[in-house]
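Observations on the three-dimensional arrangement
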Amino acid sequence: MLVAYDGSGFHGFAAQPGQRTVAGVLSEAIQRVTRQPAELTCAGRTDRGVHAWGQVVSVDLPASVDLDSLRRSLVKLCGPAIVVREVGLAAPDFDARFSATGRTYRYTVLNRDVPDPFLAATTWHVPVPLDLELLTLACDPFLGEHDFSAFCRRPKVAPDGEPVSLVRRVRRAVWTDLGDDRLRFEIEANAFCHQMVRSIVGTIVAAGHSQVKAGDIRSILRTGDRSAAAPIAPPEGLCLWHVSY
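Fair warning: this is a prediction, and the values are worked out from it, not measured in the lab. (Residues numbered from 1 in each chain as written. Predicted model: local features only at pLDDT ≥ 70, side-chain atom pairs only at ≥ 80, totals over all residues. Heavy atoms only, no water.)

1. Considering the state of the cysteines
Under the definition given, this model contains 1 disulfide. What pairs with Cys152 in a disulfide is Cys193, and their sulfur atoms sit 1.9 Å apart. Of this pair, Cys152 sits in the loop between β7 (144–147) and β8 (167–179) while Cys193 is found in the loop between β9 (182–189) and α4 (196–208), placing the two residues 41 residues apart along the sequence. Grouping residues by exposure puts Cys152 and Cys193 together as buried. With no disulfide of its own, Cys42 lies 14 Å from the sulfur of Cys239, the closest cysteine sulfur. Assessed through its relative accessible area of 9%, Cys42 is described here as buried. Left without a disulfide partner, Cys78 is nearest to the cysteine sulfur of Cys42, which lies 15 Å away. Among the residues examined, Cys78 registers a relative accessible area of 7% and is labelled buried. (Disulfide = S-S within 2.5 Å. Helix = DSSP H or I, 4+ residues; strand = E, 2+ residues; numbered from the N terminus. Buried < 20%, exposed > 50% of the residue type's maximum accessible area, 1.4 Å probe, protein only.)

Here's what the structure looks like:
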């Protein structure tokens with residue numbers, strides 16, 4: 001399933017007891033339609049308040065399920081906050097998470113003095129003027145394969161006791177001026193660790209108004225110390241845009 005959602009009213013994607021989550025609402029709707037338990041696997045578990053346009057979800061269902069009818073029913077049950085854009089058959093060994101070869105996120109900044117109430121749920125309002133050239137320069141250090149410990153929330157130790165690797169390969173990181181005081185950051189990597197995009201955006205935005213020097217970012221990466229990076233950006237501006245397979 002290709003799924004889009006407004007994350008404002010959800011406690012992230014992953015199901016959590018006592019919390020309203022995207023997976024919880026979607027799986028409940030699937031079970032209601034198919035009368036079968038639905039265990040969902042997603043391409044990337046978004047945090048509370050984070051949105052998605054191209055989230056990919058895999059689920060095992062009986063072969064008798066009519067997919068077009070299922071999609072229409074899910075849109076009625078879950079929309080407009082959650083919209084199932086497409087439903088299709090996948091190979092037996094397909095896994096939305098482990099079959100993915102890359103993810104693309106977009107982050108939108110509203111860079112003007114006065115906030116916009118109609119954009120508050122999908123942008124980060126930054127009143128300090130940002131220099132697009134400085135934002136662009138600050139992207140370069142992130143390209144390539146790095147240990148992103150300084151830009152990730154450190155995970156728990158793996159079940160076998162080995163530390164979890166935070167090495168990721170960033171393939172593309174660009175800023176675009178959308179006009180009307182909106183700036184969009186787009187980043188693609190083979191995978192992302194927890195809060196990585198928001199941490200990167202927070203530091204790049206700090207560089208965009210000279211609070212952090214673009215040349216210092218390589219040093220921050222090498223430290224592996226999260227406290228060396230700028231505070232993370234808020235979740236509202238972040239959207240999981242596309243997943244590659």
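2. Quick look at the nonpolar core
Ranked by size, the top nonpolar core spans 69 residues in total, and within it Phe148 and Phe185 carry the most contacts. No other element matches α4, which puts 8 residues into this core. Residues within four places of Phe148 in sequence aside, it is in contact with Phe142, Leu166, Arg168, Val170, Cys193, Met196, Ile200 and Leu221. (Core = buried A, V, L, I, M, F, W, Y, C linked by side-chain atoms within 4.5 Å. Contact = heavy atoms within 4.5 Å.)

3. What about the environment of Val201?
Here Val201 is to be found in helix α4. Ignoring any residue separated from it by four or fewer positions in sequence, one finds Val201 in contact with Tyr107, Trp124, Phe185 and Ala233.

4. Observations regarding the packing of aromatic side chains
Tallied over the entire structure, the rule returns 8 aromatic pairs. A centroid spacing of 5.1 Å and a plane angle of 50° characterise the contact between Phe94 and Tyr245, whose relative ring orientation is tilted. On the criterion of sequence distance, the pair formed by Phe94 in the loop between β4 (82–86) and β5 (102–110) and Tyr245 in the segment after β10 (238–244) is long-range, its members being 151 residues apart. When its relative accessible area of 28% is taken as the criterion, Phe94 is described as partly exposed. Centre to centre, the rings of Trp175 and Phe185 are 5.1 Å apart; their planes meet at 35°, and the pair counts as tilted. Of this pair, Trp175 sits in strand β8 while Phe185 sits in strand β9, and the two are 10 residues apart along the sequence. There is no split in this pair, since Trp175 and Phe185 are both buried. Clustering of aromatic rings is evident, with ring pairs tying together Phe142, Phe148 and Phe151. (Phe/Tyr/Trp six-rings, centres within 6.5 Å; stacked < 30°, edge-to-face > 60°.)

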